[in-house]
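# Survey of secondary and tertiary structure
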Amino acid sequence: MASVPSTSWLETRAILDASDVERLEHARALVRAMDIEEKLPFLHQHSPGVERLGIGPFSTGTEALHGVAWRGPAVTYPQPVGLAATWDADLLEAVGEQIAREVRVHHGHEQPASLNVWAPVVNPLRHPLWGRNEEGLSEDPLLNARLGSAIARGLRGAGPVWATVPTLKHFLGYSHEVDRAATSSELSPRVLHEYELPGFEEALASGAAGAVMLSYNFANGVPAHLSPLVNDHLRHLVGDPDLLFVVSDAGAPTNLFSIQGACADLTEAVAAMLRAGVDSFTDHDRDSGPTIRAARAALEASLIQERHIDQAVVRQLVLRARTGELPMSPSAASTAPNSPSADRPAYTFDREAATALSEQVAARAAVLLKHDNAALPARSGSTIAVLGYLGGTVLQDWYSGDLVDPVPLDVALAAEHDGPVRSAACLDVIQLLVDGAPLTRTSADGLRLSERPSDVPRLPDARAGSIDPVNLEVLDHGHGVLSLRELRTGLWLAPDGYGYVRASSERIGGWSVQETFRALRGPDGQTRLQHVASGCWVRSDDARRNSPVVLTEIPQSGSLRRMRRVSLDAGGL
């Protein structure tokens, strides 16, 4: 008989401490003092608070996966999969602590960062083709649980007042992007309990995290936003069910009826989610109106009871009390919002120390896969060649802040090594040709996607009159997908707001990547250049004719070797 793996790794269970007892009592008393119209706005991501009760406005969610994101310059740490490569829980806890301190700095800004941070991601990396593997930590459930809890402990802080409230993402079975809201992750009981749940269980049971975000997918045929495991399992891991705050992912309430067919409309969706234990609705951006109207209609139709709304509001208020944002006494309420007090201790942030920690973690995260011929350490005075595009590039992802002092690998090596360091991107260089003539700075302004509205005027080119050919570097991402970077400016080709393709992007990335194209060769021998995000085709905007665009390889040397020319269809869709 096969042995059942021990669950002794889950060494602690959450206890209900005196501070949280006080917070729960205070939050429940505040909710009892509200009428229903004061309670309803708390359900949306952006709530106005109740001034007469000393409750200020609140928004959920500061992105802080590996540094403070979307708020300007911030210290950025390696992606979580790199953090995990250190195998050092103490180091990851230190990273979480530094991120929390920087969040606290941003919380004091005119547009304050939420102290409810949406990190860490504890989905196990179950398949290498998931497009978001870099956001997670490990494919091993024990390592994933231990390291995820370490980051959460750092984000939470060690004192009785939480520095931030970490939100574990994304519950449940989230590990694919294609049709993510319309497909189901099938989890057997053993896979569920031994593989998927540990990352959530340890962080919640140890008191390191206080919130969970649900995922877009179905799990065993049930939308994750309606999973019975939220109330029946997750809330039993914490000291009191109301100590766990559950948020939806962006747009997920609408998905329940628009994509998943689980509900007839938003009213039914909001009602079902409240019954399932969801406390905060991330939907319709900053417009709380649809969520409030749906919850009110659900209450009037007896799809929910007022206690469901009460529970959700209590859980948000407890979260805010944990960070000191919700005053626990009249004297604290009279203190300026960001002034230190017993409820709101002072936090300091040392950017130099945080940057040094980022460098330390980056060094520890490096994994040497192969070491031949005693190549390391590099010999004094030797020449080092750094070959490839990534050697001179510092990548950013969706959750990066604006980089403070990016240093690519070749520059870092040159600063530390006492011999020559030579680098090359090793990218092919091409030109686009129209009717056999190279596309110039002026004619390049006529490149557009085929579905541009005919009434949109052409934009003037600031470099009009230039006849220099446009030379483009080709970055091949594999699977027929490529990006084109203008050699002179270092900017990537992407469509602008009018459908024209211009060298305008400083980096490849964004919610929907605009800098990628697909080269597709047809049976006629022509290669069509298709914009990946829109599905449109690149063509020359010529009033007289649909001129073909030609892709031509430019020799790197001065030799007169024959150029390779590939005709690009210009006819559009």
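Keep in mind it's a predicted model, so treat the numbers as computed, not measured.

### Section: the confidence of the model for the chain
Mean pLDDT over the chain stands at 86; residues scoring 70 or higher make up 83%. Between residues 450-466, whose pLDDT stays under 50, and residues either more than four places distant or in other chains, the model counts 35 contacts. Counted against residues more than four places away or in other chains, residues 543-573, with its pLDDT under 50, gives 82 contacts.

### Here's the deal with the packing of aromatic side chains
In this structure the tally under the stated criterion is six aromatic pairs. Centroid distance Trp 130 to Tyr 174: 5.7 Å. Interplanar angle 75 degrees. Geometry classified as edge-to-face. Pair noted here: Trp 130 is in the loop between β4 (116-118) and α5 (141-156) and Tyr 174 is in the loop between β5 (165-171) and β6 (184-185), with a separation of 44 residues, a long-range link. Residue Trp 130 is classed as buried on the basis of its relative accessible area of 5%. Tyr 174 sits in the buried class, given a relative accessible area of 1%. The structure contains a cluster of three or more aromatic residues connected by ring pairs, namely Trp 70, Trp 398, Tyr 399 and Trp 511.

### Description of helix α11 (residues 289-300)
Since one α-helical turn is 3.6 residues long, residues separated by three or four positions face the same way. The end-to-end C-alpha distance of α11 is 16 Å, a good match for the 16 Å that 12 residues give at a rise of 1.5 Å each. Restricting attention to buried positions, one finds in α11 the residues Gly 289, Pro 290, Thr 291, Ile 292, Ala 294, Ala 295 and Ala 298. Looking at the buried side of α11, the elements it contacts are α10 (266-276). A positive phi of about 60 degrees marks Ser 302, the residue just after α11.

### Looking at the pattern of salt bridges
In total, this model carries 25 salt bridges according to the counting rule given. With its nearest N and O atoms 3.2 Å apart, the salt bridge here joins Arg 153 to Glu 93. Of the two residues, Arg 153 sits in helix α5 while Glu 93 sits in helix α4 (residues 89-107), which places them 60 residues apart along the sequence. Glu 93 sits in the partly exposed class, given a relative accessible area of 27%. Look at the salt bridges and you will find they share partners, linking Arg 28, Arg 235, Asp 240, Asp 242, Asp 279 and Arg 315 into a network.

### Regarding the sheet that holds β6
Pairing in this open sheet of three strands is mixed, and the strands run β6-β8-β9 from one edge to the other. Sheet topology places β6 and β9 (222-223) at the edges, where each strand pairs with a single neighbour. Pairing geometry for β6 and strand β8 (residues 218-219), over two bridges, is parallel. In the strand pairing of β8, Ser 185 is matched with Ala 219.

### Things to note about α5
When the terminal C-alpha atoms of α5 are compared, their 22 Å separation across 16 residues agrees well with the 22 Å that a helix rising 1.5 Å per residue should span. Buried residues along α5 sit in contact with α3 (80-84), α4, β4, β5 and α7 (198-205). Among the residues of α5, the N-terminal cap falls to Asp 140, whose side-chain oxygen and the backbone nitrogen of Leu 142 are separated by 3.1 Å. Downstream of α5 by a residue or two, Gly 157 has a phi angle that is positive, lying close to 90 degrees.

Rules behind the numbers
- Residues numbered from 1 in each chain as written.
- Predicted model: local features only at pLDDT ≥ 70, side-chain atom pairs only at ≥ 80, totals over all residues.
- Heavy atoms only, no water.
- pLDDT = per-residue confidence, 0-100.
- Contact = heavy atoms within 4.5 Å.
- Phe/Tyr/Trp six-rings, centres within 6.5 Å; stacked < 30°, edge-to-face > 60°.
- Helix = DSSP H or I, 4+ residues; strand = E, 2+ residues; numbered from the N terminus.
- Buried < 20%, exposed > 50% of the residue type's maximum accessible area, 1.4 Å probe, protein only.
- Expected span 1.5 Å × (residues − 1).
- Salt bridge = Lys/Arg side-chain N within 4 Å of Asp/Glu carboxyl O.
- Pairing = 2+ DSSP bridges.
- Polar contact = N/O pair within 3.5 Å; in protein donor to acceptor, adjacent residues only side chain to side chain.

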